[in-house]
2 protein chains.
Amino acid sequence: MFEQLGLIGCGLMGGSFALAMKRAGLVKRVVGYSKSPTTTERAQQLGVIDAQAPSALMAVSNSDLVLLAVPVAATEASLKAVRHLITPNMLVMDVGSTKSDVVAAAQRTLREHISNFVPAHPITGREVSGVEHAEAELYSGRQIILTPTDATDLNQLERAEALWKALGCRVKRMSPQAHDSAFAAVSHLPHLLAFAMMQSISMQPEADDYLSLAGPGFRDFTRIAASDPKMWRDVLRSNHEEILGQAALFREALRELEQAMQADNDQPLENLITAASTLRAKWRMGAQRRSSGG
Amino acid sequence: MFEQLGLIGCGLMGGSFALAMKRAGLVKRVVGYSKSPTTTERAQQLGVIDAQAPSALMAVSNSDLVLLAVPVAATEASLKAVRHLITPNMLVMDVGSTKSDVVAAAQRTLREHISNFVPAHPITGREVSGVEHAEAELYSGRQIILTPTDATDLNQLERAEALWKALGCRVKRMSPQAHDSAFAAVSHLPHLLAFAMMQSISMQPEADDYLSLAGPGFRDFTRIAASDPKMWRDVLRSNHEEILGQAALFREALRELEQAMQADNDQPLENLITAASTLRAKWRMGAQRRSSGG
């Protein structure tokens, strides 16, 4: 049980965390700060936070739990702004989708307080943003990746793990580098491709006609293209080396399929699609088992 | 009201059509044929068809409505097998995802019966296949594209239009060529990219680890990669010229995003993502209006 959550960034991720913590009875009071005062105001109106802080530093003051829920490129400035008030027992976490850059920013700014910081990435996959969409259920049944370093205090790491489990999450520990490689493949590249898909249609004079014909397959394929531009700008830039590597492999796979589409016989294309289809179906069954089995 | 539906191909599309027609009280009796006798048997057990035909020709015999629901490459052989029993009042339709090739196959095989044939493409976007997944609701609220030619009998076209509307569909007429260009962009390319995405992960030794971390964004992005391999083999091969053209535009869009990921400043990437995100959100709102407005 925490006395006070200091929330820096009252958007979808931060707001949902505050709601989930309250519903689970894990925190008594939430003090929130957002760069935009209207967001902070709105968060209080919606009952997401109990009090508005005039600065990130004031949100941290007297809190025993701090969640940084800002676009990853804002991590360093945010940590710098609050480090003076980090106390030995305070648990500090982020929710950024990239981890090497977040850990590097923490190492540059937090000094001896680095032991209090547990980098976290909840896999929620929501395309909407803003405190209006915040909901206590957002993290329930989801996977959380924690990427501690040698400097992370083990006690804080265990507190973090217990907290996310109490919110209904499956917790996994990884190194920041392994995290960024894996998520380049299964999250960042899909987002990049979905953005490119929309961009590629918008380049054509027939865009509106084409879009008026798009059905449920297109809807699901492009859902993540509606994601928050500032957040994804930061993710794609921060992890660009890994993502470009994944994009190169993707191009190879696409080229192979294109060649098979024009081959003399049906078999090569059917084999490639069958492999893709089988892998997707197998993954889906495994994912269902994982999320129901806990 | 039709007396007898002759169903050639008792999979997801054909089976769902039979169930929808029965539920709407639009047909008295369904006679079905599938290449695999176990499929036909299963369709009867599930109440999708009332009687099994030993051949496609026998399914057409005495029917006043015929639906061809086979992979598009099997269209020509199927039409050839049944053309002798097509009668002047019979309405014949297909449900193929490509239309130029289907129309060409009909022109080569049907001769004077070509006027009875109304090429149709229902946009259902389901990734599952097989008669086990057939459901009367599949076509409800969906868009159907009809691609008549100069040879199509106007009376048959109007019957087809009324039939799909009675099943709850929005009907649109297009030329086969315009259909194939548009669906290369909003359906065939997304499927190709989803297959390539799975393929690109499977090429890597870390595939299983990566997939174990994939979340809801990946789930929706790759849903269509689980689609029926034989059906999509035919679609991609049949419409490969249009699809390769769309893939080239997609590569351009991807390249532009990749360059922006590495630019000196944030703005170009943010602008591209904002454009993609805005277009996706705008499309979704329009799609909701279209499907609720009828």
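An unreviewed UniProt entry annotates chain A as Prephenate dehydrogenase/arogenate dehydrogenase family protein originating from Comamonas flocculans.

### Quick look at the side chain of Thr152 of chain A
Mapped onto the elements of the fold, Thr152 of chain A is located in the loop between β8 (143-146) and α6 (154-166). Excluding residues within four positions of it along the chain, Thr152 of chain A makes contact with Ser115, Phe117, Val118 and Leu157 of chain A.

### Structural notes on helix α4 (residues 75-82) of chain B
Residue and element names in this part refer to chain B. Among all positions in α4, only Thr75, Ser78, Leu79 and Val82 are buried. Viewed along the axis of α4, the buried residues span an arc of 95°, placing them on a single side of the element. Buried-residue contacts for α4 involve β1 (2-8), α3 (56-60), β4 (65-68) and α5 (100-110).

### Regarding the sheet that holds strand β2 (residues 27-33) of chain A
Residues and elements named next belong to chain A. If you trace the six strands from one edge of the open sheet to the other, you get β3-β2-β1-β4-β5-β6, paired in parallel fashion. Only two strands of the sheet have a single partner each, and these edge strands are β3 (51-52) and β6 (117-118). Sheet analysis places strand β1 (residues 2-8) next to strand β4 (residues 65-68), joined by four bridges and oriented parallel. Each bridged residue has a counterpart across the sheet, and for Leu7 the counterpart in β4 is Leu67.

### Side note on the packing of aromatic side chains
All names here are of chain A. The full count for this structure, using the stated rule, is nine aromatic pairs over all chains. Measuring from ring centre to ring centre gives 6.4 Å for Phe17 and Tyr139, while their planes differ by 80°; the resulting arrangement is edge-to-face. Pair noted here: Phe17 is in helix α1 (residues 12-23) and Tyr139 is in the loop between β7 (120-123) and β8, with a separation of 122 residues, a long-range link. The exposure classification of Phe17 matches that of Tyr139, with both residues buried.

### A word on unusual backbone geometry
The phi dihedral of Asn62 of chain A is positive, around 70°, even though this residue is not glycine. Within the secondary structure layout, Asn62 of chain A lies in the loop between α3 (56-60) and β4.

### Concerning the interface of chain A and chain B
Listed as interface residues are 88 residues of chain A and, on the opposing side, 88 residues of chain B. Buried surface at the junction of chain A and chain B, both sides included, amounts to about 8400 Å², of which 67% is carbon and sulfur. By the criterion of area lost to chain B, the three top residues of chain A are Leu213, Arg237 and Met261 of chain A, representing 9% of everything that side buries. Seen at the junction of chain A and chain B, the total is twelve salt bridges. A salt bridge links Glu270 of chain A to Lys230 of chain B; its shortest N-O distance comes to 2.9 Å. Where chain A packs against chain B, one counts 30 residue pairs in polar contact (both at pLDDT 80 or more). Mapped onto the side of chain A that touches chain B, the elements with two or more residues apiece are β8, α7 (176-202), α8 (207-213), α9 (216-221), α10 (229-238), α11 (240-261) and α12 (267-293) of chain A. Here the side of chain A that touches chain B is built from residues that sort into 49 nonpolar, 19 polar and 20 charged.

### Quick word on the relation of the copies chain A and chain B
Mapping chain A onto chain B calls for a rotation angle of 180° and an axial translation of 0.0 Å; the resulting RMSD is 0.0 Å. The transformation just described matches what one would write down for a two-fold rotation axis. Relative to the rotation axis, the C-alpha of Phe221 of chain A is the closest in chain A, positioned 2.1 Å from it. Counting the interface residues of chain A, we find that 100% of their copies in chain B are interface residues as well, pointing to one common contact surface.

Quick notes on the rules
Residues numbered from 1 in each chain as written. Chains lettered and ligands numbered in written order. Predicted model: local features only at pLDDT ≥ 70, side-chain atom pairs only at ≥ 80, totals over all residues. Heavy atoms only, no water. Helix = DSSP H or I, 4+ residues; strand = E, 2+ residues; numbered from the N terminus. Contact = heavy atoms within 4.5 Å. Buried < 20%, exposed > 50% of the residue type's maximum accessible area, 1.4 Å probe, protein only. Arc of directions from axis to C-beta. Pairing = 2+ DSSP bridges. Phe/Tyr/Trp six-rings, centres within 6.5 Å; stacked < 30°, edge-to-face > 60°. Buried area = accessible area lost by both parts, 1.4 Å probe. Salt bridge = Lys/Arg side-chain N within 4 Å of Asp/Glu carboxyl O. Polar contact = N/O pair within 3.5 Å; in protein donor to acceptor, adjacent residues only side chain to side chain. Nonpolar A, V, L, I, M, F, W, Y, C, P; charged D, E, K, R; others polar. Least-squares fit on C-alpha atoms with pLDDT ≥ 70 in both.

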